Every structure is written in C-alpha cells, then in structure tokens.
Amino acid sequence: MTMVQTKPEKHDADAENQGADLRLAAITKRFGGFLAVDNLDLEIPAGSFFALLGPSGCGKTTTLRMIAGLEQPTSGSLSIGGKDITGTSAHERPVNTVFQNYALFPHMSVLDNVAFGLKRRKIRDHQVRAKQALELVELAHLSARRPAQLSGGQQQRVALARAIVNEPALLLLDEPLGALDMKLRRQMQVELKRIQTDVGLTFVHVTHDQEEAMTMADTVAVMNQGQVEQLGAPRELYELPRTAFVANFLGKSNLVAGEIIEDRGDAVVISAGGNRLAVRKDRSTTHHGKALIGIRPEKLRMMWPADAPADGSNILRGRVLDSSFTGVSTEYLVEVAGIGPVGVFSQNHGQQSAAPGDDVVLTWDTAHAFGLDGDEDTQAGAREAEAAAT
C-alpha cells in the first residue's frame, strides 16, 4: 500500500511551528509543598522521537502537561521554534496529545473522529485530509466503523491519526500503549516509530516502560525526583549508565562496591572482596577512592573452574544458588565470597548447564564494565524498576 502523508498548504502561523525545536528552561513545578519538577532544562530537536522515562511520581507526566499547556510552571519558560509559549493556553499551542484512554467520540465514525478538529476549524478539505491520515495509520478500510467496533490497537491508531491530521509542531504521547496487552503493545511500538518517521513530526513520549522507550525513541531522558538523571541515545544509556539509578532502572545491573587501588593509565583497578576488577577510565565517573563497578548480566561469561584463567583481573569464583530457564537463555544467581549474589544471563547454545551447588567462574571484558561513585546506593532504581514492571 502506498503511504500518503498529510501535507496541506499552510497560510498562517502554524507554518512557523513546523520543524520547531522545543526548549524548557529552568522549569520548576510545585504543588503546595511538593516539588514535582525541579529546575528542568531540556532541548528537543525538531523531527525527533524523544522519550521521558521514569517511575511513577518522577515528574514526567507533569512535564508533559506543562508542555501541553494543561499545567503552568511555577517558574521557568517554554518555547517552540524560539517563540515563548509559557503563558499561552493549551488551545493556542501547536501541540496535540494522545492519551492512554484515546478519548474517541463513540457516536461518530472513525473518519468523523479524525476529521473533527479540522471541521471545527472550518478546513475545507477536512474529509480528504482525514482519509490521508487514516491511510498513514493503515485504517482507511475501517473509516465507516464506530470506535466500539475496533480493537484496542486500532483505536489507538485512530487517536494518533486524529492528532497527526492537525499537523502540530509537537505530538505528545502520554502512556499511549498502557492499555494494550503485551503482544499488541510490541506491535504498536514498531508502528508508532514507523509513523513518526513517515510524518517527520516531533514526538514526545511519556512512559514508565523501559523497553518501550528504548525501542522507539531516538533520545531518552531518564527522570528521577523531578530531574533528568541522564539523557542520551538508548544504547548509550544502557551500555554506559552514569548513576546507579539509571543502571538499575534500565535493565538489570550487578553493582559491586570496592576501593580503587591501582591506576593503569587508561584504566583503574578496584579491590572488591579480595578480587581485582578493572574498569576503563573513560567508562567510569570516578578514578580514585570508593567506587562501584557495574557489569550487565549478559556481559558475564560463566565457565567451569577447569576452563578458567588461572589469574588476572575480572575473575570471580562462586557457587550457583539458582537457575531459571527462560528459553533463549538461562538466568543464574551466583554467590561470590566477599561480594554476594551476582546475576548472569547465559545464552542456551546446547552446552552443559550449571545447577545449584555447582562451582563456577565468572569473567568479562574490561570494555563492558562501567564505574560509578562509591557513595551511591547500589539498589537505587531497582525498586522503582520492579514497581514499574507490575
């Protein structure tokens, strides 16, 4: 099927907003004595897919509502394309929002739902543009149906078409996939990214789902307690977290506390439970004193003691406490003396699997480790990630 983009002529100020950058400068929001958003600075480039990711109560939805004009900041400013919009009302902003509940009109057809905003603005070709938007989300063949006759995923796409057809400078997505089951949610992740690429609009997506953010977004801002903990491309955040919160909230991490005892020039060596663990300086936030060394479970190699190196850095000897077969891999929990339990994901390639009580050796490449400040809480973000998954 040929994709048709809705690109009507522009004769007013809306044209100035197309391709506009969004900037938040020192945005703060208080609700009484509660600080929801704390001196937030963000710049979101035009045409990007940007995700605000974090646990419940971190400030991401409040930030989205301030962008939409549904909340006013206590202090700070917002601008789109260099134009200050801080004091403007929601209907005056070149912004549309897709909510989790879709808010479709049940008594209208799919086509009329999509055309509703254009018709109210007396756009002459509202029906044509609405049909083009439905083509984009691959629902033109269902244009005569009512929302109740559609699946959850189809309703979500209708809500998306209704937002896109107005050609906003920004499309805000507030947990739009939260009401869908896991299989459909994953399908819609791919669809949303395709649509964003096709249309070229700036998407700002709020979610607590780590996989959802990493799958779709070009840039992710991990929020915690009203501030951005770390911002970057999904792979960068996952491979090189700069705080324990990010390391634990985005996937699982083994964080081992120790003391830096040696400087190798390009790397430092950490003593942890009598073990020598190396981390590259460019992958560590600290180069002296107390430190945490982090390693993702899938980066660890687990082997039998007879096959392990005799000596060197990044070698941990332990005993298997538990194993869980998950199909493509097996998840192990290994007790290491002086360190505690260490998680390992091992791909199932037909090799002999370990069982609880087996002695094993864990090792990894120095290039896969990361170092954090030793005063950080090793459990920061882990509890929030568990709560977000339920």
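Residues numbered from 1 in each chain as written. Predicted model: local features only at pLDDT ≥ 70, side-chain atom pairs only at ≥ 80, totals over all residues. Heavy atoms only, no water.

**Some points on the sheet that holds strand 14 (residues 290–295)**
Then comes step 1: One open sheet accounts for 5 strands, arranged 13-12-11-14-20; its pairing is antiparallel. The outermost strands of the open sheet, each flanked by one partner alone, are strand 13 (275–280) and strand 20 (370–373). Between one strand axis and the next, the sheet turns by 45° as a mean value, whatever way the strands run.
Then comes step 2: Sheet topology note: the strand 12 (residues 267–272)/strand 13 ladder contains 6 bridges and is antiparallel. If you follow Ala267 over to strand 13, its bridge partner there is Arg280. (Pairing = 2+ DSSP bridges. Helix = DSSP H or I, 4+ residues; strand = E, 2+ residues; numbered from the N terminus. Axes fitted to C-alpha atoms, helices over the stretch in contact; angles between N-to-C directions.)

**Regarding the domain arrangement of the chain**
Then comes step 1: One can read the domain layout of the chain as domain 1 (22–236) and domain 2 (252–389).
Then comes step 2: Of note, the centres of domain 1 and domain 2, computed from C-alpha atoms alone, are 38 Å apart. (Domains from an automatic or database assignment.)

**Let's talk about empty space enclosed by the protein**
Then comes step 1: Using the criterion set out here, one finds 1 cavity of 30 Å³ or more in the structure.
Then comes step 2: Volume-wise, the largest cavity comes out at about 60 Å³.
Then comes step 3: Considering the residues around the largest cavity, the lining is formed by Val256, Leu277, Ile293, Ile295, Leu300, Leu316, Val342 and Trp364.
Then comes step 4: Residues that form the lining of the largest cavity fall into these classes: 8 nonpolar, no polar and no charged. (1 Å grid on protein atoms, 1.4 Å probe; cavity = no way out; pocket = protein on both sides within 12 Å on 5 of 7 lines; lining within 4 Å. Points joined across faces, edges and corners; volume = space filled by probe spheres on them. Nonpolar A, V, L, I, M, F, W, Y, C, P; charged D, E, K, R; others polar.)

**Digging into the layout of surface pockets**
Then comes step 1: Here the largest pocket is characterised by a volume of approximately 1,200 Å³.
Then comes step 2: Forming the walls of the largest pocket are 43 residues, and the residues nearest its centre are Asn248, Gly251, Lys252, Ser253 and Ala385.
Then comes step 3: Every element with two or more residues in the lining of the largest pocket is listed here: helix 6 (182–199), helix 7 (210–216), helix 9 (244–249), strand 11 (254–263), strand 16 (315–325), strand 17 (329–336), strand 18 (340–347) and helix 10 (382–389).
Then comes step 4: A total of 5 residues in the lining of the largest pocket trace back to one element, the largest contributor, which is helix 10.
Then comes step 5: Residue composition of the lining of the largest pocket, grouped by class: 18 nonpolar, 15 polar and 10 charged.

**Observations concerning helix 2 (residues 60–68)**
Then comes step 1: With 7 of 9 residues buried, helix 2 is to be regarded as a mostly interior element.
Then comes step 2: Positive backbone phi, approximately 90°, marks Gly69, located one or two places after helix 2. (Buried < 20%, exposed > 50% of the residue type's maximum accessible area, 1.4 Å probe, protein only.)

**Some points on the confidence of the model for the chain**
Then comes step 1: With 94% of its residues at a pLDDT of 70 or more, the chain shows a mean pLDDT of 89.
Then comes step 2: Predicted confidence is poor over residues 1–18, with pLDDT under 50, and the contacts of this stretch with residues over four places away or in other chains come to 34 contacts. (pLDDT = per-residue confidence, 0-100. Contact = heavy atoms within 4.5 Å.)

**Here's the deal with unusual backbone geometry**
Then comes step 1: Of note, the phi angle at Asn39 is positive, near 50°, even though the residue is not glycine.
Then comes step 2: Mapped onto the elements of the fold, Asn39 is located in strand 2 (residues 34–44).
Then comes step 3: The phi dihedral of Asn314 falls on the positive side, at around 60°, and the residue is not glycine.
Then comes step 4: Mapped onto the elements, Asn314 comes out in the loop between strand 15 (301–303) and strand 16.

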